[in-house]
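What follows is the residue order along each chain.
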Amino acid sequence: MPDRPTPTAMSSVTASSSILPAPGSRLPDIAFKWLAGMASMLIFLLIFLIGWELYHGSQLAIHQFGASFLWTREWNPVEDQYGALPFIFGTLVSSLLAILIAVPLGVATALFLTELAPLRLRQPVVMVIEMLAAVPSVIFGLWGIFVLIPWLRDHLFVWLKHSLGFLPLFQGPIYGVSMLAAGIIIAIMILPIVTSISREILRSVPNLQREAAYALGATRWEVLRIAVLSYARRGLFGAAILGLGRALGETMAVTMVIGNNPQIAASLFAPGYTLASVIANEFAEATSDLYLNSLFELGLVLLVVTILVNIVARLMLRSMTGSASGKVS
Amino acid sequence: MKKTLALCALAAFSVTAASAQMLINGAGATFPQPLYTKWFDAYQKVDPSVRFNYQGIGSGGGQKQILAETVDFGASDGPMSDENLAKATHKLLHLPTVAGAVAVSYNVEGNPPLNLDGPTLAGIFLGKITKWNDPAIAGQNPGAKLPDIDIVVVHRSDGSGTSFIFTDYLSQVSEDWKAKVGKGTAVSWPVGLGGKGNPGVAGQIKQTPGAIGYVELAYAHQNKLPFASMKNAAGVYIAPTVESVTDALANAKIPDDFRFSMVNSPGAKAYPIAGATWLLVYADQKDHDKGEKLVQFLKWAYSDGEKFAPDLDYAPLPDAVLQRAVERVQTIKY
């Protein structure tokens, strides 16, 4: 029965068909189909063109350094020696730090908002979090330099060094600007996207799950852990990956707080450098061809890393929604 | 049909715009941009029939654009390399406009006035001198109270003409620096933190106790940062000022093609860490009208324009150099 249009629906179709062209003229349908198809093809074309242009622009560097570009540590414009490793390292480490900080915070906030918070508190908190997303990157950077970093340098980092100083992660001199400062800034910047996606995913957990768990005598914490979080696990992972995609490309604020030193250091207090930052920093004044080509190749590396991360995220999100809808029906 | 109409409208619009005012495009260095902006603005009153459009995309970009002939003039904080200049299809002129000082600023408790010489500065930036009370620094500053704290080196993270001038100077005064690092708009810094742009470096010096770094003089003034007096080639400690930079220019050896470095200039009153900035213009202008307007502007810039320089912390060219530059402008054919 539900498969067939009800009589009322039928009549509304006939009524509205009077304003459509005469039956048989399928031109608008076909035109729309092609238009929509072309629009979506354009996206593919755009990505392809960006990739091709970057590849084309980095020919000289690819030819000169080959694959060793990816694991060379030296970046010396004076000697025309270029390698991407410190930047790949810096990008991945700062982004991972950001994820490690932002995902627990974001998921906890989302849990609070969907499961625990009183109804009248939810909307204001959501609004404030989403407002974070509207703050321009350079403002975060300035706030980082003038407010966050002095505080980190004088308090948090000193405390970390004092209590966890036996780990190589928290050794060495404290400058303030550092890999860790960058991670914290990026974490704040990706918090809105992680939180709002997590919230959507937690909301998509069917109530049946919760009720079933309560019926088995679970406490509230057990319900959250067994029925909600484990159910939404893959989706939350997808949210983290999407946040990571954002984190990888973040440029301006990171450039202002990471210290911009192409080194690979064990300590999180040491300055680092990211792919996006070095491109932003050095592109305008790059005069030699090999230099410019190497910067293009860094762009290519960044694009590939970002695309890979996004593909993984898509696959995970798709499998998550697939399984969820299966359980709901 | 709509498309044709739109095209017609567009064509009509661009024709009226072109007949009303000639547009001369330039691109390049950001260091002289405040001055150039001032020039173009003031020149509007001198000759309203021409309008200048300048994009501060960096010296590298400026060189690329003028080589590709997508702009009418380029601007660069460093002279073009032989390799890049060889890419020009016809003769490209370097025209120096003004010079600027790079100040060595620091953040030490009490901010005592400091004297430094080249080798000490190189030692600090090489990471060999790591404490503020190091004898190399204390020896030159007998009265100053220097703390026993680590020196935090701050340098530019973005490629810049300021870095070029600074590393050019260090290469001149320290063999060690020349061998290990060299000069360039971006180099492989042995130690230190990178700040983005002059504001980034100035901010980091201000924020970090024990920091030392280099910024354009104007930024040191704006941020009320102290700056060191540098020992020049004549052995005198000189503070960066508009006058001491002009003096450095007057004593610098300037070859016929104007591609010169003025760091460590001889002359008792010359400040050693300074550099000029250039406009890049083709000796044969393709477009007669544009070429004529450009030459008129350049003549104006060298006569009236130079007067705007000191207020913006740029050093105007000394008379002898000015004379030579004007003569070069007069050779431009259009």
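Residues numbered from 1 in each chain as written. Chains lettered and ligands numbered in written order. Predicted model: local features only at pLDDT ≥ 70, side-chain atom pairs only at ≥ 80, totals over all residues.

J.: I would appreciate a short explanation of the packing of helix H4 (residues 85–116) of chain A against helix H10 (residues 233–249) of chain A in the present structure.
T.: To describe two helices that pack against each other, one gives the angle between their axes and the distance between the axes. Residues and elements named next belong to chain A. In contact at an axis separation of 9 Å, H4 and H10 are set at 140 degrees when each is read in the N-to-C sense. Considering their axes alone, H4 and H10 lie oblique with respect to each other. When you trace H4 past H10, the crossing you get is right-handed. Along its contact with H4, which presents Thr-91, Ser-95, Ala-98, Ile-99, Ala-102, Val-103 and Val-107, the element H10 presents Leu-236, Ala-240, Gly-243, Leu-244, Ala-247 and Leu-248. Split by residue class, the contact of H4 with H10 holds ten nonpolar, three polar and no charged. (Axes fitted to C-alpha atoms, helices over the stretch in contact; angles between N-to-C directions. Helix = DSSP H or I, 4+ residues; strand = E, 2+ residues; numbered from the N terminus. Parallel < 35°, antiparallel > 145°, perpendicular 65-115°, else oblique. Left-handed = near helix turned anticlockwise from the far one by under 90°. Contact = placed C-beta atoms within 7 Å. Nonpolar A, V, L, I, M, F, W, Y, C, P; charged D, E, K, R; others polar.)

J.: So what exactly am I meant to see when it comes to the interface of chain B and chain A here?
T.: For interface size, the figure often reported is the accessible area lost on association. Between chain B and chain A, the residue contacts involve 30 residues of the former and 24 residues of the latter. Sorting the residues of the side of chain B that touches chain A by element identifies helix H3 (59–67), strand S7 (193–195) and helix H9 (197–207) of chain B as the ones contributing at least two each.

J.: How should I be thinking about the packing of helix H5 (residues 118–126) of chain B against helix H7 (residues 161–173) of chain B in this particular structure?
T.: Residue and element names in this part refer to chain B. Relative orientation of the contacting elements H5 and H7 amounts to 115 degrees, with a least axis distance of 9 Å. Viewed along their axes, H5 and H7 form a crossing whose handedness is left-handed. Residues Gly-118, Pro-119, Leu-121, Ala-122 and Phe-125 of H5 pack against Tyr-169, Leu-170 and Val-173 of H7. When the residues that make up the contact of H5 with H7 are grouped by side-chain class, the tally is seven nonpolar, one polar and no charged.

J.: Is there a simple way to explain the domain arrangement of chain A in this structure?
T.: All names here are of chain A. In terms of domains, chain A is made up of domain 1 (6–57) and domain 2 (70–321). One C-alpha centre belongs to domain 1, the other to domain 2; they are set 37 Å apart. Each partner contributes residues to the interface: domain 1 has five residues there, and domain 2 has five residues. Partitioned by chemical class, the residues of the side of domain 1 that touches domain 2 number three nonpolar, two polar and no charged. (Domains from an automatic or database assignment.)

J.: Just to check I follow, could you spell out the sheet that holds strand S9 (residues 229–231) of chain B for this structure?
T.: Two orientations exist for strands paired in a sheet by backbone hydrogen bonds: parallel and antiparallel. Residue and element names in this part refer to chain B. Reading across from one edge, S5-S9-S10 is the order of the three strands in this open sheet, with mixed pairing throughout. Two strands in the sheet have a free side with no partner beyond their single neighbour: strand S5 (115–116) and strand S10 (237–238). Judged from the two bridges that link them, S9 and S10 form a sheet pairing that is antiparallel. In the strand pairing of S10, Met-230 is matched with Ile-238. (Pairing = 2+ DSSP bridges.)

J.: Whenever I open this one, unusual backbone geometry confuses me. Can you help?
T.: A negative phi angle is the norm for most residues apart from glycine, just as the trans form is the norm for most peptide bonds. Unlike most non-glycine residues, Asp-80 of chain A shows phi in positive territory, near 55 degrees. Along the chain, Asp-80 of chain A turns up in the loop between strand S1 (75–76) and strand S2 (81–82). Positive phi is not limited to glycine here, since Glu-69 of chain B has a value of about 60 degrees. Within the secondary structure layout, Glu-69 of chain B lies in the loop between H3 and strand S3 (73–76). Glu-69 of chain B gets classed as partly exposed once you count the C-beta atoms within 10 Å, which come to 13. (Buried ≥ 20, exposed ≤ 12 C-beta atoms within 10 Å, placed from the backbone.)

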